[in-house]
Each structure stands twice: as C-alpha cells, then as structure tokens.
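# Tertiary structure, described
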Amino acid sequence: MKRLPALVCVMLLFSAMAAQGQTAAEMESLLNAGEITCAQAAYFVLAAAMEDPPRNPEAAFAMAIEQGCLPAKFESNGSITMGGFSLLLMKALDIKGGLLYRIFPVGRYAFREMTGRGFIEGRSYSTLTVSGEQFLRILENVLDKREAE
C-alpha cells in the first residue's frame, strides 16, 4: 500500500517528461519549417491564447474557423500568409486595432497593425507566406508585449 503513492508519482513524472519531449519536438519541427500551415498556426496561437487549448492542429484549425479567427476560405494544410497570421493573432489574443482594422477586420489591415506596432520586423508584405522562424519570432514579440501589459 505504501508503494502506490510512489508509483503514481513516478508515472506522473514520466508522463510529464513525455509531454515536454513532444512539445520540444513540435517546436523543433516548427522552427525548421519553410512554411507554416494554417492548422499549425492555429494550434500554437490558440495554445497561447486559451487555458484549455485544442489537442491537435486540425481541432485548433476548426476552432479558429468556428470562432472567426480565420476566414472560412482558408485550408488547414495550406500555407498561412502574414496577413492571415496577423488576423489570427489579433482575433485570438483580442488585440485592438486602429480605425481601418475596426471597419475592415481582414488580413491586410491586421498585418498593417502588427507591422505598425513592431511585432513584424523587416521587409514583408501581407501575402508573404510565414516560415517557422518568422512565426516563432512574431509570436514571441506579441506574447512578450502582452505579458508586459
């Protein structure tokens, strides 16, 4: 009977280590990706925005479409653009935008807001696809700013 709590602790420890390893592997594959899919973007952004995020990229993509964070025309395995990624970030993280974004809450104006706030650095445009490195850098910039507020 005394072994039961120790066994439970060991099982919980190994399950936590396995989950952390899976996340590290996901982050590594994301970092090395040439283009991020809409499902991958939704999965990581919703994981940052929600307390109980979806368990996989496909569920996250469906939730992002359902909640209006992404337009219905997007495909889960299609590459996400800077405009789409900006729109996803602004809607999922409830980032307020300027006049044009409030009138026309679309990727183009979301991208302008994100660029104007310094979240997106360097030369880019709203129809450019997002690489893994860019994705992580922009997400980090947004989350750092959000945490500082």
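Look up a bit, the structure's there.
To keep things clear, this report deals only with the structure shown in the data block. Values in this document were obtained by computation on a predicted structure and should not be read as measured data.

For the rest of this paragraph, the subject is the side chain of S131. Mapping S131 onto the fold places it in the loop between α6 (107–116) and α7 (132–148). Residues in contact with S131, not counting those within four places in the same chain, are A33, G34, E35 and I36.

When its volume is computed, the second largest pocket comes out at roughly 190 Å³. The wall of the second largest pocket is formed by 16 residues, among which P71, K73, F74, G84 and G107 lie closest to the centre. Of all the secondary structure elements, the ones that give two or more residues to the lining of the second largest pocket are α4 (82–92) and α6. The element best represented in the lining of the second largest pocket is α4, accounting for 4 residues. Residues of the lining of the second largest pocket, tallied by class, amount to 6 nonpolar, 7 polar and 3 charged.

Within the span of α6, buried status applies to G107, Y109, A110, F111, E113 and M114. On its buried side, α6 packs onto α4, α5 (99–103) and α7. Following α6 by one or two positions, G118 has its phi on the positive side, about 85 degrees.

A separate point is the environment of F61. Here F61 lies in helix α3 (residues 57–66). In sequence terms F61 and Q40 are 21 residues apart; their C-alpha atoms lie 7.9 Å from each other. Not counting residues within four places of it along the chain, the set of residues in contact with F61 comprises C38, A39, A42, L70, F74, E75 and S76.

Core analysis: the biggest nonpolar cluster contains 40 residues, and V45, I80, F85, L88, L89, F135 and V142 have the highest contact counts within it. If you list the elements that add at least two residues to this core, you get α2 (38–49), α3, α4, α6 and α7. Element by element, the count of residues in this core is highest for α2, at 8 residues. Apart from residues no more than four positions distant in its own chain, F85 is found in contact with V45, I80, V130, F135, I138 and L139.

What the rule picks out here adds up to 3 salt bridges. A salt bridge links R137 to E133; the shortest N-O distance between them is 3.1 Å. Pair noted here: R137 and E133 are both in helix α7, with a separation of 4 residues, about one helical turn. For E133, a relative accessible area of 49% gives the class partly exposed.

Moving on to the side chain of S86. Mapped onto the elements of the fold, S86 is located in helix α4. With residues near it in sequence (within four places) discarded, S86 still touches A110, F111, M114 and I120.

The buried fraction of α4 is high, at 10 of 11 residues. Every buried residue belonging to α4 is among M82, G83, G84, F85, S86, L87, L88, L89, M90 and A92, and all of these are buried. Looking at the buried positions of α4, the neighbouring elements they touch are α2, α3, α5, α6 and α7. Following α4 by one or two positions, D94 has its phi on the positive side, about 55 degrees.

Thresholds applied
Residues numbered from 1 in each chain as written. Predicted model: local features only at pLDDT ≥ 70, side-chain atom pairs only at ≥ 80, totals over all residues. Heavy atoms only, no water. Helix = DSSP H or I, 4+ residues; strand = E, 2+ residues; numbered from the N terminus. Contact = heavy atoms within 4.5 Å. 1 Å grid on protein atoms, 1.4 Å probe; cavity = no way out; pocket = protein on both sides within 12 Å on 5 of 7 lines; lining within 4 Å. Points joined across faces, edges and corners; volume = space filled by probe spheres on them. Nonpolar A, V, L, I, M, F, W, Y, C, P; charged D, E, K, R; others polar. Buried < 20%, exposed > 50% of the residue type's maximum accessible area, 1.4 Å probe, protein only. Core = buried A, V, L, I, M, F, W, Y, C linked by side-chain atoms within 4.5 Å. Salt bridge = Lys/Arg side-chain N within 4 Å of Asp/Glu carboxyl O.

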